Amino acid sequence: MVQHMRPYYSDEKYRITKRTVAILPCFDMMKQSQIILEDGTEISTPLRPYQLLQLSCRQYNSSIEERIFIAKRVAGVKGKVPVVIEPTSGLVFFPTKSPKREDCEWYAWSHVREIVTVEGNPNGLIVTTDGRRIQTNATAYVLKNQIKATGELVARFQQLNMSPVLES
């Protein structure tokens, strides 16, 4: 598959959408994040992943702090809290590490098909719904726990009728 890379322009406002598969940190002077879309397009941006999530929550009239508070309250999630950016469209992302860490990666729950391991590599691979494999910076154990916690959060939102659309 050919990977397309396009730069982020300062007058652009990147909004996380259903097409967003992953938001990965970059450690470069010009770019701080790499956004992977479902069609394989990669977007570079000067914003850190956490900043992108903050911006996207604001674009949906909330804040990341409010989304984390609600996730903790609704589902009792303790650490590495998934973020429901927009409940009615199913935009739910889970972190691989503490959300404020610079090396935290974020993945769209709806795009994850399975977690696999590769012999000799302690970190897990995410296989997306379209078959793309993304190497992560977390163990398969952590990723599976995050998938489970995110699924429980989504289920809890559905039980509370907070979102009839949240589904994988």
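Starting afresh in each chain, residues are numbered from 1 along the sequence in its written order. Local features in this predicted model are restricted to residues of pLDDT 70 or higher, and side-chain atom pairs are both shown and tallied only at a pLDDT of 80 or more, whereas totals for entire chains, interfaces and linings draw on every residue. Where side-chain values are given, they derive from all heavy atoms of the structure, hydrogens and water being excluded.

> Can you help me understand unusual backbone geometry in this one?
Keep in mind that most residues, glycine aside, have a negative phi and that most peptide bonds are trans. Of note in this structure, Asn61 is not a glycine but carries a positive phi near 60°. Think of it this way: any DSSP run of H or I at least four residues long counts as a helix, any run of E at least two long counts as a strand, and we number them from the N terminus. For Asn61, the position within the fold is in the loop between helix H1 (49–59) and helix H2 (64–75). The exposure class assigned to Asn61 is exposed, which follows from its relative accessible area of 74%. The residue Lys80 is not glycine, and still its phi comes out positive at about 45°. The residue Lys80 is located in the loop between H2 and strand E5 (83–86) in this model. The rule is simple: take the accessible area with a 1.4 Å probe, protein chains only, and divide by the maximum for that residue type; under 20% is buried, over 50% is exposed, in between is partly exposed.

> Is there a simple way to think about the pairing of strand E2 (residues 20–25) in this case?
Side chains on a regular strand alternate between the two faces of the sheet. E2 sits mainly inside the fold: six of its six residues count as buried. Note: E2 against strand E3 (residues 33–37), five bridges, orientation antiparallel. Pairing of Ile23 across the sheet is with Ile35, part of E3. Relative to strand E7 (residues 106–108), E2 runs antiparallel, the two being bridged by two bridges. When the bridges of E7 are listed, Ile23 appears paired with Trp106. Two strands make a pair as long as DSSP finds a minimum of two bridges between them.

> Looking at this structure, I do not really get the confidence of the model for the protein. What am I missing?
Note: predicted coordinates in regions of low pLDDT should not be interpreted at a detailed level. pLDDT runs from 0 to 100 and stands for how confident the predictor is about each residue. Summarising the model, the protein shows a mean pLDDT of 85, and 88% of its residues fall at 70 or more. Residue range residues 1–5 is modelled with pLDDT below 50. Its contacts to residues more than four positions away, or to other chains, number 11 contacts. Contacts of residues 164–168 to residues separated by more than four positions or lying in other chains number 13 contacts, the stretch itself having pLDDT below 50. Contacts are assigned to residue pairs that have any heavy atoms within 4.5 Å of one another.

> I tried to follow the packing of H2 against helix H3 (residues 140–159) on my own but got confused; where do I start?
Interhelical geometry of H2 versus H3 gives an angle of 80° and a closest axis separation of 9 Å. When the axis of H2 is compared with that of H3, the two are roughly perpendicular. Each of Ile70, Ala71, Val74 and Ala75 in H2 lies in contact with H3, whose residues at this interface are Leu153, Arg156 and Phe157. In this classification, Asp, Glu, Lys and Arg are treated as charged, Ala, Val, Leu, Ile, Met, Phe, Trp, Tyr, Cys and Pro as nonpolar, and every other residue, Gly included, as polar. The residue inventory of the contact of H2 with H3, partitioned by class, reads six nonpolar, no polar and one charged. Here the axes come from fitting lines to C-alpha atoms, over the contacting stretch only for helices, and the angles between their N-to-C directions go from 0 to 180 degrees. Relative orientations are named as follows: roughly parallel for angles under 35 degrees, roughly antiparallel for angles over 145 degrees, roughly perpendicular for angles from 65 to 115 degrees, and oblique for any other angle.

> In this structure, what is going on with the nonpolar core? I would like to understand it.
Nonpolar side chains in soluble globular proteins generally cluster together in the buried interior. Counting 42 residues, the largest nonpolar core has Ile16, Leu53, Ile85, Phe93 and Trp106 as its most contacted members. When residues in this core are grouped by element, the largest group, five residues, is from H3. Apart from residues lying up to four places away in sequence, Phe93 is in contact with Ile16, Thr20, Val21, Ile23, Leu53, Pro82, Val83, Ile85, Trp106, Tyr107 and Ala108. Each nonpolar core is a collection of buried residues, namely Ala, Val, Leu, Ile, Met, Phe, Trp, Tyr and Cys, held together in the definition by side-chain atoms within 4.5 Å.

> What's the story with the packing of H1 against H2 in this structure? I'm lost.
For any two helices packed against each other, the geometry is given by the interaxial angle and the distance between the axes. As a packed pair, H1 and H2 sit with axes 8 Å apart at the nearest point and diverge in direction by 90°. One element, H1, and the other, H2, form an angle in the roughly perpendicular class. Residues Tyr50, Leu53, Gln54 and Cys57 of H1 form the contact with H2, whose participating residues are Ile64, Glu65, Arg67 and Ile68. Class assignment for the residues of the contact of H1 with H2 results in five nonpolar, one polar and two charged.

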